[in-house]
Amino acid sequence: MNILITGATGFIASHTIVELIESGHNIIGIDNLSNSSADVVDKIAKITGKKIDFYPVDICDYSALKSVLKDKKIDCCMHFAGLKAVGESVAKPIEYYENNIGGTITLLKVLKEIGCKNLIFSSSATVYGTPEFVPITEECPKGICTNPYGWTKSMIEQILLDLQNADKSWNVVILRYFNPIGAHPSGVIGENPNGVPNNLMPYITQVASGKREKLFVYGDDYDTPDGTGVRDYIHVVDLAQGHVKALNAINNNCGCEIFNLGTGHGYSVLDVVRTFEKVNGIKIPYEIVARRSGDIAMCYASPDKANSVLGWSAKYSLEDMCRDSWNYQQKN
Ligand code: WQD
């Protein structure tokens, strides 16, 4: 299939492109390069031997988007592009709503105009807010998001549901990611956040490399086994494979389907620290500090629906995630 990837040089998209190429698909990639660099295209070529068709285009720019796509035969779009820093979204809500929601609406208009009505959307478990129950199934009601970033994901899901309800010729698959970490085992691509990492694993790898003095653990007084936050960490390559499998739902004219992409296992912050130390033989100094506002205690998936409907399940362990994250940090 000819797959359009938005946000193509980003962490999840770049790993997904590798798996799509290795599954025989053709890729057209676009990215405004606001939070990544074009050399990721060469890195993907280094891994796969294929250089994708790439355009440095912003999804908010209707005329640029239309001129790039008007002569392309796109079978399906995988939409990853979006601003995603939770803390930044609190400080810059208008930028987040304009870019994430406005950009998606522009993309949907162009896709319709070029005759592509198949979309796989990069959503997030953050749409559950504080989940009503764990493990979280797709039937769990969406909750109150604690930041504008999360709200953009939740609102875009609603836009897609309403679009498909109004025009049944659309096929929409919404993938709710849990906590993607790790890197391609080659160490050629991985997670490369700008500035001080918001997320746990890139912060740990920067402590391990000596770039940061110690990890600050945001609270150990949650109602969890060791008091620190519990999350469902999923290897980014497992997540990428989930997108390859999601094409089956599109090809089966699924209408509109939602899938959780998680391992089904919850690990605490200290579980991750200890596993990283054991696997890589590196001490990670840490200090328990106050909770981070907006954090929830516990969040992990029931992946049963993706297992049964998509024939997908996560294969990599937390050890693999810690090993591959560190391997990437060392090589870059
Ligand atoms: C994980 C755990 C923290 C950093 C967010 C978004 C989600 C997705 C993934 C984009 C929590 C603790 C973290 C640190 C810490 N983002 N922690 N010290 O908040 O679960 O999810 O990132 O798609 O949509 O909501 O991930 O990695 O920030 O935090 O103690 O320096 O690690 O409190 O318990 P989170 P995270």
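Everything here concerns the structure above.
Residues numbered from 1 in each chain as written. Predicted model: local features only at pLDDT ≥ 70, side-chain atom pairs only at ≥ 80, totals over all residues. Heavy atoms only, no water.

Asker: Explain the overall build of the protein residue by residue, including any values.
Answerer: From N to C terminus, the protein includes 11 helices and 14 strands. In summary, the protein has a C-alpha radius of gyration of 19 Å against a globular reference of 20 Å for 332 residues, a match within 12%. Counting only C-alpha atoms, the protein reaches 55 × 45 × 40 Å along its principal axes. Averaging the positions of the 31 positive and the 37 negative side-chain charges in the protein gives two centres separated by 4 Å. (Helix = DSSP H or I, 4+ residues; strand = E, 2+ residues; numbered from the N terminus. Rg over C-alpha atoms; globule rule 2.2 N^0.38 Å. Lys, Arg positive; Asp, Glu negative; His and termini not counted. Charge placed at Lys NZ, Arg CZ, Asp CG, Glu CD.)

Asker: Give a detailed account of the side chain of His15, specifying residues and quantitative values.
Answerer: Relative to the helices and strands, His15 is located in helix 1 (residues 11–22). Judged by relative accessible area, His15 falls into the buried class, the value being 1%. Sequence-distant contacts of His15, defined by excluding residues within four places in its chain, comprise Ala183, His184, Ile189, Gly190, Val236, Val237 and Ala240. (Buried < 20%, exposed > 50% of the residue type's maximum accessible area, 1.4 Å probe, protein only. Contact = heavy atoms within 4.5 Å.)

Asker: Summarise the site of the ligand; cite the residues concerned and give the values.
Answerer: Near the ligand you find 18 residues, and of these Tyr149, Leu200, Phe216, Arg231 and Asp295 are the closest. Between the ligand and Asn198 there is a distance of 3.4 Å, counted from an oxygen atom to a backbone nitrogen or oxygen. A distance of 2.6 Å separates an oxygen atom of the ligand from a polar atom in the side chain of Asp295. About the coverage of the ligand: the protein hides 89% of its 690 Å² of free accessible area. When residues in the shell around the ligand are grouped by element, the largest group, 4 residues, is from strand 8 (residues 215–218). For the shell around the ligand, a count of residues per class yields 9 nonpolar, 6 polar and 3 charged. (Near = heavy atom within 4 Å. Polar contact = N/O pair within 3.5 Å; in protein donor to acceptor, adjacent residues only side chain to side chain. Areas by Shrake-Rupley, 256 points an atom, 1.4 Å probe, with all protein chains shown as cover. Nonpolar A, V, L, I, M, F, W, Y, C, P; charged D, E, K, R; others polar.)

Asker: Describe helix 8 (residues 236–251), and please don't skip the residues or the numbers.
Answerer: If you check helix 8, its first and last C-alpha atoms are 24 Å apart, about what 16 residues at 1.5 Å a residue would give, namely 22 Å. The buried fraction of helix 8 amounts to 12 of the 16 residues, a majority that puts the element mostly inside the structure. Taken together, the buried positions of helix 8 are Val236, Val237, Asp238, Leu239, Ala240, Gly242, His243, Val244, Ala246, Leu247, Ala249 and Ile250. Positive phi shows up at Asn253, right after helix 8, with a value of about 50°. (Expected span 1.5 Å × (residues − 1).)

Asker: Now, about the layout of surface pockets: what can you tell me, with residues and values included?
Answerer: Estimates place the volume of the second largest pocket at around 220 Å³. Along the wall of the second largest pocket there are 15 residues; nearest its centre are Glu191, Asn192, Pro193, Thr205 and Gln329. Among the secondary structure elements, those contributing two or more residues to the lining of the second largest pocket are helix 7 (200–208) and helix 11 (318–331). (1 Å grid on protein atoms, 1.4 Å probe; cavity = no way out; pocket = protein on both sides within 12 Å on 5 of 7 lines; lining within 4 Å. Points joined across faces, edges and corners; volume = space filled by probe spheres on them.)

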